[in-house]
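Summary of structural features
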Amino acid sequence: MEKCPCGSLMQYTACCKLIHDDLGKAHTAESLMRARYTAFTKGLIDFLYNTTHPTSRRFIKKVDVQSWTDQRKWMRLEILNTTKTTVEFKAHYLESLEPRIQHEKSTFKASHGKWYYLDGIFLS
Ligand SMILES: [Zn+2]
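Residues numbered from 1 in each chain as written. Predicted model: local features only at pLDDT ≥ 70, side-chain atom pairs only at ≥ 80, totals over all residues. Heavy atoms only, no water.

1. Brief notes about the nonpolar core
Inclusion rule: Note on terminology: a nonpolar core comprises buried Ala, Val, Leu, Ile, Met, Phe, Trp, Tyr and Cys residues joined through side-chain atoms within 4.5 Å. Only protein chains enter the accessibility calculation, which uses a 1.4 Å probe. A residue is then buried if its area is under 20% of the maximum for its type, exposed if over 50%, and partly exposed in between. Where helices and strands are cited, they refer to DSSP runs of H or I of at least four residues and of E of at least two residues respectively, numbered from the N terminus.
Ranked by internal contacts, the top residues of the largest apolar core, which has 28 residues, are C16, L32, M33, F47 and F108. Those elements giving two or more residues to this core turn out to be α1 (16-21), α2 (29-42), α3 (45-50), β1 (73-82), β2 (86-95) and β4 (114-122). With seven residues, the top contributor of residues to this core is α2.

This is how it looks when you write it as structure tokens:
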């Protein structure tokens, strides 16, 4: 059985997959953030697009998300701090075999009972 890439120590099928199958299953900003990280590791571009808040979607193109995802090998997610609407995290990945870290504070917004990624700032 496959452990969930988000680091929850649960099986993927009992963790982020539930959210990948149904956006309404993300009950907190953190659970959506974890599901988005896992989606990056699996190249679930539609999920990443669909969980971007409608007001931010014009800033992203699926092809860009795809190529950006393809260039990286995601290794590990570290959640540093969460509030109701924000998640600060470090996503560890390899790019051209070099270990790198994306340190970001993301903001999420609930709309009609579902959580969406609004935007993020890079911290280091
Ligand atoms: Zn998970």
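Now that the structure has been shown, we can carry on.
2. Concerning the sheet that holds β4
Where we set the bar: Being paired, for any two strands, means DSSP has found at least two bridges between them. Only the stretch in contact is used when fitting a helix axis, every axis being a line fitted to C-alpha atoms; angles between N-to-C directions are given from 0 to 180 degrees. Residues count as neighbours in contact if any of their non-hydrogen atoms are within 4.5 Å of one another.
Read across the sheet, four strands follow the order β1-β2-β3-β4 without closing on themselves; strand pairing throughout is antiparallel. This sheet does not close on itself; its edge strands, each paired only once, are β1 and β4. The sheet shows a mean angle of 30° between the axes of neighbouring strands, taken without regard to direction. Here β1 pairs with β2 via eight bridges, running antiparallel. What sits directly across from I79, in β2, is F89. Its contacts with the sheet put α2 on β1, β2, β3 (98-111) and β4, and the angle it makes with β1 is roughly 170°.

3. Quick notes on α2
Every α-helix carries 3.6 residues per turn, so stepping three or four residues along brings you back to the same face. So the rule is basically this: Given the number of residues in a helix, its expected span is that number minus one, multiplied by 1.5 Å.
The end-to-end C-alpha distance of α2 is 20 Å, a good match for the 20 Å that 14 residues give at a rise of 1.5 Å each. The element α2 is largely enclosed, with a buried count of eleven among its 14 residues. All of the buried residues in α2 are A29, S31, L32, M33, R34, A35, R36, Y37, T38, A39 and F40. G43 sits one or two positions beyond α2 and adopts a positive phi of about 65°.

4. A short note on the coordination of the zinc ion
Condition: Donor atoms are limited to N, O and S found within 2.8 Å of the metal ion, a distance that becomes 3.2 Å for Na, K and Ca. With water left out, some sites might look partial. Just to be clear on the cut-offs, tetrahedral is four donors with all angles between 85 and 135 degrees, square planar is four donors and octahedral six with opposite donors over 155 degrees apart and all others between 65 and 115, and anything else goes down as irregular.
In this structure, C4 (SG), C6 (SG), C15 (SG) and C16 (SG) serve as the protein donors to the zinc ion, at separations of 2.3 to 2.4 Å. Taken together, the four donor atoms surrounding the zinc ion define angles of 103 to 118° at the centre, an arrangement classified as tetrahedral. Counting gaps between the donor residues of the zinc ion yields the pattern C-x1-C-x8-C-C. Residue C4 is found in the segment before α1, and its partner C15 is found in the segment before α1; the two are separated by eleven residues along the sequence.

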